[in-house]
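Architecture at a glance
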Amino acid sequence: MAAGRERKLITVVQEALSAGPVPRDALLTAVHDAGLRRIDAGVLWETCVTHGIADLHDELWVPRGWAAPTSSGVAVQSPSQSTPVRTVAERSIHEQAVAQVRRLAAEVGLPAVEPMPPVGPVPAHWAEVAASASRAFHDELQAVTKSRTQTDVPLSDGTEAGRAHSRRKLMRFEAQGDLGVPEGTPATLVIKDAQFAVEVISVFGNVVTLSMPTDAPAVREAALRLDLSWLLTAQSRRLNELTHGGPGFNAEAALAVVTPPRAGASPARRRLAYADFKTLNEGQRNAVELALAPEITWLWGPPGTGKTTTVSALVAKLFKRGRRVLLAAPTNAALDVVVQAVLKRLPDVAGGRVVRLGQPADPSLVDRAVGRVLVDEIAAERGAPLAQHRVEVGGRLRDCRRGLAALRRRKDRLTPDQEATRLKLETEIAELQAVMRELDSKLLEVRRQVCREATVVAATAHQVVLDTLKHITFDVVVLDEASMTSAALAMLVAGMGSGHTVIAGDFRQLPPIAVADTPRAHEWLKRSVFEKAGIDTAVAEGHPPVRLAALTEQYRMRQRIGDIVSTAFYPESPLVTASAVGIRATRSRAPWATSQLMVVDTSDMRARTARKQGIFSRYNLMHAQLVAALVRSATNNAHDVALISPFAPQARLLESLLPESRSEEWAASTVHRFQGGERDIVVYDAVDTGHGITRLHPWFTDGASGSEGARLLNVAASRARDHLVVVGTFDALHRHRSSGNAVSTFIAHLLDRAERLSWDEAIALSSGATQHVENGIVERLYDDIARAETVEMWLPAAPLRGLPSLVPALRHLPNDDTDKEAVTIWVEPESDGHLPVAALQALREGINIRPCQPILESLAVIDDVVWSSSASLLGPMPGVVLRTEDRVFADAVRRAQRRRPGAAPGSGQAGDDCGRCQRTLIRYEDQRWGQPELRYECAACDRLSRRSKGKSSPKGSDTK
């Protein structure tokens, strides 16, 4: 289907389903009435499912995320939730399953009927607020479904990382594509013809950790099948159910966290005894006392101020007072940090009193010798008879399916005996599936019972909308890292409590992320409750709410680092460095980290910023090579180092530089992924230079307090304990100066106080890891090519004077793979679309020359060697030229710049000629209205064709 026709179909279907479910025939009629008469029921089904728009249930199309509101405390089921009508035979199977499981359920102590709490208080305007937030989820679902919501991401380099518990294991893979899903996302791992249900535990750069069944094979390669809309669907459905309240949901408490607090007298607090606060400083003690009062409390914890210490002290105190606590955070990693802190304060707590729902990112929470905390582990013990029976039933089910598969493979017509065997197997499969459904239902009840009986339940914020915690209530709700949680989701979390709510986080650090660009999405999904309730504005205006506890004494950063972070990002509540920081021993040392603040200014290097695969995000190869020099010279005494960048492609290049000997202590990541972490030495690569991609990212030009750019820089700088090293082109980054601009303030103070290291001095320290090549460039390139098996070059516009000298070496490269070219040289054509003379001559001599417009990078990857230059590498004046030899780094560079085939042939493929004028077709990589566009056309013929039509209709356009 043509892209424009598909987009129209998606729009028509979304509009038809905007009010709720629509009968199958009625939806098809609406599509035909819109002029899409060639769309049949099969195409409609494929579009709805592939793009995550709706699901077909009993002749009814049900929008993803739709649910009928509750009524009189009983949930009205949507068609997707309703119990299907069963035949007499099916009822018999179902009844057999119930009878078989009932005895086992009684053995593990499950009640015959789960307790159902009453409907909580519902303020008059709650329905209006819930509807607005629900529409924001709808907008986000629409934005997500513009692209395919189900995708397969290839995985490689699989290794077993550990055991989650007796029935799950952890596997780590390198993802060969962008995952774009939050932690906790369920997915399907496809291994050849087999599929296994898995859960995404964590994503660091392009390394994903999965929790999977123990019977899944440990393989090197697989594919991860993701449904990108499932979580939005669950959140939207839950909010729709609660439009008029629901069992166990306190709409009044939910509304309170998004309502600006009223000015009042001195806030209520509960005083602590000395034994309770002797490990806390004054600010932390004040926060705990404030949060013990049964009201809403806002805890503002800037980096290093001990927010986790404060939250854990609060939860421990509430535990000792017998209060049931829901402890939530937006990610597995953030949740595990605070759970570990709580367990340290409650070392003797019995198993089951403090529990953690879901699969942790921290393996030390698995199979704890001093008491299990994972809900799945505790439930596995309590529900052992049910779990064991499920294993047995699963084995019998697999045997039956194997038998049925053997019959299916027969080419001849089945004999009567074989038909009888087939019917017997099909009947047994149906019965076993019914048993499995009942067992899964009862095992879910076991997990719910574990959560109901626990005093503290820790869960990610996303898990509150799922079945395990549904209708379970708590005395107190504590939401940590709330600044990264959307206001809409925070409401759902807060509604599980009684109104005694603690919102902890830092609204000057990273906000929640959403795709949709509608007013409702900005209000509910791109803002946290700190912004929605106006806490950030009140602080900026000098009128902080009385129930805001601000922590100010920081224990992480050395004095100079802490001072510039405080000055730039916390002027209303300045940070004070604790005296203990000044006398702390320095663990990690590097020859280039000679001061607390270091600057590596690359302004005169004129490094080029390019896009991953020509169209996505940004990376800077010369900066990565410079960081490679720093890494190589620091491995002996630098025990704890982080390499951070705001751009994901650059973070992946930096990740490839990590030494294997420091794989546990060192880390490389985007700023987003590293929030909550800290390291002795932090190297922050700003990437943007104004060369290649000429326009700086708004992160650097719009740096007002509270902006995304200011938040990113704040998080990056505040990860450093002892040394902060910033690699940047400061004549560009500091060009946009303005008063009151947090980013400008930070850079100005950094340049004023930091010790400077020139980029060539940094390279000289690396003992040749990265070389600055000033002479004999073409000769050294020739030598590298003569020893190589593959070559890929990217040459921006310039007379390619060095290319003819390399042609003999390029022609003699072995090319044993008939499906892949050993050489691909990408060349930027001249303004009239013709190839430069040297490139045209090389093409005639059999070299795979590929024109591309524009070319932002200037590089060569020759086996394990990476070359880069500030101007065209083979031009008369290549500028600064760097050479790095590293196999892992070279592979990462190939992935960053490799062009994928599609509308145009990609890397390692030969190009095509125009069928009319015989010119070589050009691969055009454009950005239009902020979206990538790929075209493959002739500069002469297609340009004339567009002019004659009076509008642009590029051949082979691709906007993915």
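Summary of the structure given here. (Residues numbered from 1 in each chain as written. Predicted model: local features only at pLDDT ≥ 70, side-chain atom pairs only at ≥ 80, totals over all residues. Heavy atoms only, no water.)

**Some points on the pattern of salt bridges**
Rule in force here: Basic side-chain nitrogens of Lys or Arg form a salt bridge, by our definition, when they fall within 4 Å of a carboxyl oxygen of Asp or Glu. Helix numbers and strand numbers start at the N terminus; a helix is a DSSP run of H or I with at least 4 residues, a strand a run of E with at least 2. Note on classification: 1.4 Å probe, protein chains only; a residue is buried when its accessible area is under 20% of the maximum for its type, exposed when over 50%, partly exposed between these limits.
Evaluated as defined, the whole model comprises 46 salt bridges. Glu-114 is paired through a salt bridge with Arg-452; the nearest N and O atoms lie 3.2 Å apart. Residue Glu-114 is found in the loop between helix H4 (88-107) and helix H5 (126-144), and its partner Arg-452 is found in helix H14 (residues 416-453); the two are separated by 338 residues along the sequence. Given a relative accessible area of 26%, Glu-114 falls into the partly exposed group. Here Arg-547 makes a salt bridge to Glu-295, at a shortest N to O gap of 3.8 Å. Here Glu-295 lies in the loop between helix H9 (282-291) and strand E10 (296-300) and Arg-547 lies in the loop between helix H18 (535-540) and strand E16 (548-550), a separation of 252 residues in the sequence. With a relative accessible area of 9%, Arg-547 lands in the buried category. Take Glu-295: its relative accessible area is 33%, and that puts it in the partly exposed class. Beyond isolated ion pairs, a larger network of salt bridges with shared partners links Arg-556, Arg-587, Asp-640, Glu-678, Arg-679, Asp-680 and Arg-721.

**Details of helix H15 (residues 487-494)**
Given 3.6 residues per helical turn, the α-helix brings residues three or four places apart onto the same face. A large share of H15 lies buried, amounting to eight of its eight residues. All of the buried residues in H15 are Ala-487, Ala-488, Leu-489, Ala-490, Met-491, Leu-492, Val-493 and Ala-494.

**A short note on the packing of aromatic side chains**
Here is the rule: In summary, the pairing rule links any two rings of Phe, Tyr or Trp, Trp by its six-membered ring, whose centres are within 6.5 Å, and it sorts them by plane angle into stacked for under 30 degrees, edge-to-face for over 60 and tilted for everything else. The rule for a charge over a ring is simple: NZ of Lys or CZ of Arg within 6 Å of the ring centre, and within 35 degrees of the ring normal.
Under the defined criterion, the tally for this structure stands at eight aromatic pairs. Taking the centre distance of 5.4 Å and the plane angle of 50° together, the rings of Phe-507 and Phe-530 count as tilted. Residue Phe-507 is found in the loop between strand E15 (500-505) and helix H16 (519-524), and its partner Phe-530 is found in helix H17 (residues 529-532); the two are separated by 23 residues along the sequence. The pair formed by Phe-507 and Phe-530 is uniform in burial state, with each residue classed as buried. Plain terms: the ring middles of Phe-569 and Phe-746 are 5.7 Å apart, the flat faces sit at 25° to each other, and that makes the pair stacked. In this pair, Phe-569 is assigned in helix H19 (residues 559-569) and Phe-746 in helix H27 (residues 742-753), connecting sequence segments 177 residues apart. A single burial state applies to Phe-569 and to Phe-746, both of which are buried. Among the aromatic residues, ring-to-ring pairing joins Trp-298, Trp-300, Phe-507, Phe-530 and Tyr-570 into one connected group. Its end group placed over the ring of Trp-524, Lys-532 keeps NZ or CZ at 4.7 Å from the ring centre. The ring of Tyr-924 has Arg-935 sitting right over it, with the charged end atom 4.7 Å from the ring centre.

**Let's talk about helix H2 (residues 24-33)**
Here is the rule: Directions drawn from the helix axis to the C-beta atoms are what define this arc.
Buried within H2 we find Leu-27, Leu-28 and Val-31. Buried residues along H2 cover an arc of 100° about the axis, so they all sit on one side. Turned more than 90 degrees away from the buried face of H2, the exposed residues are Asp-25 and Asp-33. Positioned one or two residues after H2, Gly-35 has a phi angle of 95°, which is positive.

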